[in-house]
Amino acid sequence: MPEFPGAIGISDLTVYPWPTADGEHGGSPHMHLTCAEAYVVISGRGRLQTLNHTGPSSQELTPGDVVWFTPGTIHRAVNDGDLHVLVIMQNSGLPEAGDAVMTFPPEYLTDEQYAAAASLLDRDGDPDGAPSHERARRRRDLAVEGFTELLRQWELGNHGVLDDFYRHAAALVAPRLPEWRRLIEDGATATVAAALQQVEALRAADTTHLAHATVNRIASPPQSTLGMCGFLHAYDPIRHR
């Protein structure tokens, strides 16, 4: 199936209703390193808590709102009541294919420790290693713990802790960068190149590409998965099968 328009990725997200230690409800704070992301609010209400070098902020999320953020913005979806959003992601859905680091405390931000803390597979409790709701809640709570400390340190004036997190995050994703480059080149870069070729063709009155037009459809994904922020109906895995 061809790329979505602009080589974006999309997912349908119902934000976790699970309570957190700080009295909120919602998902795991995390950050993307190469991708912008947008939330289009479909129903319910909530907030998007963020932290970057402009400082902490909180954006209200109500039906019809669109909020987006660029790489380097730590974000946390807070569910104040049945929050349901459409997630639009840069680079063919790369944020759900590896470009994400959760805000675990520093001692978990090494390869082995991070992988264990981020895993959804509760192999001790399930011989098949099925994703576990309990594991999703546990890693969410660990990310909230780390995010809370990042906010506390920022308010104390210790802004360097955010740069420390950036460095740890960059080291964690470094082995996957060649894979990301290929995905971006095959997706977003190729899409732009094709559009520019079409412009040049039209300048020469060549309409050949219009004869290859297609219509594509994906039905609503029948099953949800456990994402960082909530229950996901992810369209990209279906499209890329």
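Rules used throughout
- Residues numbered from 1 in each chain as written.
- Predicted model: local features only at pLDDT ≥ 70, side-chain atom pairs only at ≥ 80, totals over all residues.
- Heavy atoms only, no water.
- Buried < 20%, exposed > 50% of the residue type's maximum accessible area, 1.4 Å probe, protein only.
- Helix = DSSP H or I, 4+ residues; strand = E, 2+ residues; numbered from the N terminus.
- Arc of directions from axis to C-beta.
- Contact = heavy atoms within 4.5 Å.
- Core = buried A, V, L, I, M, F, W, Y, C linked by side-chain atoms within 4.5 Å.
- Salt bridge = Lys/Arg side-chain N within 4 Å of Asp/Glu carboxyl O.
- Lys, Arg positive; Asp, Glu negative; His and termini not counted.
- Expected span 1.5 Å × (residues − 1).
- Axes fitted to C-alpha atoms, helices over the stretch in contact; angles between N-to-C directions.
- Parallel < 35°, antiparallel > 145°, perpendicular 65-115°, else oblique.
- Nonpolar A, V, L, I, M, F, W, Y, C, P; charged D, E, K, R; others polar.

### Here's the deal with helix H2 (residues 111-118)
Where H2 is concerned, the buried positions are Tyr-114, Ala-117 and Ala-118. Burial along H2 is one-sided: seen end-on, the buried residues are contained in an arc of 95°. Residues of H2 that are buried in the fold lie against strand S7 (101-102), helix H3 (133-155) and helix H4 (160-173).

### As for the nonpolar core
In globular proteins that are soluble, nonpolar side chains generally tend to be buried together. Ranked by internal contacts, the top residues of the largest apolar core, which has 26 residues, are Leu-51, Ile-74, Val-101, Met-102, Phe-104, Tyr-114 and Phe-165. Those elements that place two or more of their residues in this core are S7, H2, H3 and H4. Ranked by residues supplied to this core, first place goes to H4 with six residues. In contact with Phe-104, not counting residues within four places along its chain, are Leu-109, Tyr-114, Ala-117, Ala-118, Arg-139, Leu-142, Ala-143 and Gly-146. In terms of nonpolar packing, the next biggest core, distinct from the first, is built from 15 residues, Leu-13, Tyr-39, Val-67 and Phe-69 among them.

### Structural notes on the pattern of salt bridges
With the rule as written, the count across this model stands at nine salt bridges. Residues participating in the shared-partner salt-bridge network are Glu-24, Arg-47 and Asp-80.

### Here we look at the side chain of Arg-139
Along the polypeptide, Arg-139 turns up in helix H3. There is no salt bridge for the buried Arg-139, and the closest opposite charge comes from Glu-96, which lies 10 Å off by N-O distance. Contacts of Arg-139, omitting those with residues within four sequence positions, involve Ser-28, Met-102, Phe-104, Ala-117, Ala-118, Leu-120, Leu-226, Gly-227 and Met-228.

### A closer look at H4
Taking 1.5 Å per residue, 14 residues should reach 20 Å; H4 reaches 20 Å between its end C-alpha atoms and fits that length. Taken together, the buried positions of H4 are occupied by Val-161, Leu-162, Phe-165, Ala-169, Leu-172 and Val-173. What you see down the axis of H4 is that its buried residues fit within an arc of 105°, all on one side.

### Some points on the packing of H2 against H3
With their axes 9 Å apart at the nearest point, H2 and H3 run at an angle of 130° to one another. Here H2 lies oblique to H3, going by the angle between them. Each of Ala-116, Ala-117 and Ala-118 in H2 lies in contact with H3, whose residues at this interface are Arg-135, Arg-139 and Leu-142. Taken together, the residues of the contact of H2 with H3 sort by class into four nonpolar, no polar and two charged.

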